[in-house]
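# What the coordinates show
Listed here are the chains, written in short residue letters.
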Amino acid sequence: MPRAPWSAAADQLARQATGAQALARGTVRISASQPVTCMLLPPLLRQMRELHPDIQIELVSSNAVSNLLQREADIALRMVRPDQSSLVAKRVGQVAIGTFAAPDYLRRRGTPRAPADLLTHDVIGNDRNTDILRGFAGMGMPMQREDFAVRTDDLNAYQAAVSAGMGVGFLARYAARQNPDLVPLLPMLDIPALPMWLAVHREIRSNPRIRRVWDFLSQTLPPALA
């Protein structure tokens, strides 16, 4: 007796679903900055692994968008929007930045009360990255790279330098909360929040396991980290 058309269609859908589930296995490599890979992503990825235990995760601490272009990573989480046409990017949130110092530093050097006071303090800056220099220039206080007491582009080293009392620094507020002893400074200093972008190479976006991780992160990353 021939089977009803709807029964055959149901069988086909079941086979497709089983095949999609089988394809959603394997490893997805995620690239993000050090604070993101160390603090933000692990609890989220634990939840994802509970939902998709057949997907393994590799975490890469890096700021280089080239990780995606060279296929060294499948998905990247960045604070700048990639402008390469071969990448698909989605804005998923923003990260609040604040000014902080350790109590020991403030006991030794005093507390800056206005942005201009930073010119007489030890400021922790970047090595090759120019974001902080441009921020000071935007406040009408041009500084040179050599004006920074400590310079590093390594975000973990930067936070460690602030925590060790080496000077005043600018940290993501969610990262600064990892050290509750840090003192927030200069609330009038309006530092623009950094946008948070999720990016993937266009050619692999439809891969089932990559798509599942992309969709999960799109839905669970906090829209505002303050």
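Residues numbered from 1 in each chain as written. Predicted model: local features only at pLDDT ≥ 70, side-chain atom pairs only at ≥ 80, totals over all residues. Heavy atoms only, no water.

Taken in spatial order, the six strands make up an open sheet running S2-S1-S3-S10-S4-S11, and their pairing is mixed. This sheet does not close on itself; its edge strands, each paired only once, are strand S2 (55-61) and strand S11 (224-225). Sitting on the sheet, helix H2 (residues 34-51) touches strand S1 (26-32), S2, strand S3 (75-78), strand S10 (194-201) and S11, and the angle it makes with S2 is about 175°. Contacts from helix H8 (residues 208-220) reach S1, S2, S3, strand S4 (87-95) and S10 within the one sheet, and its direction differs from that of S1 by about 45°. (Pairing = 2+ DSSP bridges. Helix = DSSP H or I, 4+ residues; strand = E, 2+ residues; numbered from the N terminus. Contact = heavy atoms within 4.5 Å. Axes fitted to C-alpha atoms, helices over the stretch in contact; angles between N-to-C directions.)

What follows concerns the confidence of the model for the protein chain. Predicted confidence across the protein chain gives a mean pLDDT of 86, with 87% of residues reaching 70 or more. Across residues 1-21 the pLDDT falls below 50, and counting only partners more than four positions away or on other chains, this stretch makes five contacts in the model. (pLDDT = per-residue confidence, 0-100.)

What follows concerns the layout of surface pockets. Of the volumes computed, that of the largest pocket is approximately 1,200 Å³. Elements with a contribution of two residues or more to the lining of the largest pocket: H2, S3, helix H5 (131-138), helix H6 (155-163), strand S8 (169-172) and helix H7 (173-176). The element that contributes the greatest number of residues to the lining of the largest pocket is H5, accounting for five residues. (1 Å grid on protein atoms, 1.4 Å probe; cavity = no way out; pocket = protein on both sides within 12 Å on 5 of 7 lines; lining within 4 Å. Points joined across faces, edges and corners; volume = space filled by probe spheres on them.)

Turning our attention to the packing of H2 against H8. The contact between H2 and H8 brings their axes to 11 Å, and the two run at 130°. Here H8 runs oblique to H2, going by the angle between their axes. Between H2 and H8 lies a crossing whose hand is right-handed. Of H8, the residues touching H2 (which contributes Leu 41, Leu 44, Leu 45, Gln 47, Met 48 and Leu 51) are Val 213, Phe 216, Leu 217 and Thr 220. Along the lines of polarity and charge, the residues of the contact of H2 with H8 split into eight nonpolar, two polar and no charged. (Parallel < 35°, antiparallel > 145°, perpendicular 65-115°, else oblique. Left-handed = near helix turned anticlockwise from the far one by under 90°. Nonpolar A, V, L, I, M, F, W, Y, C, P; charged D, E, K, R; others polar.)

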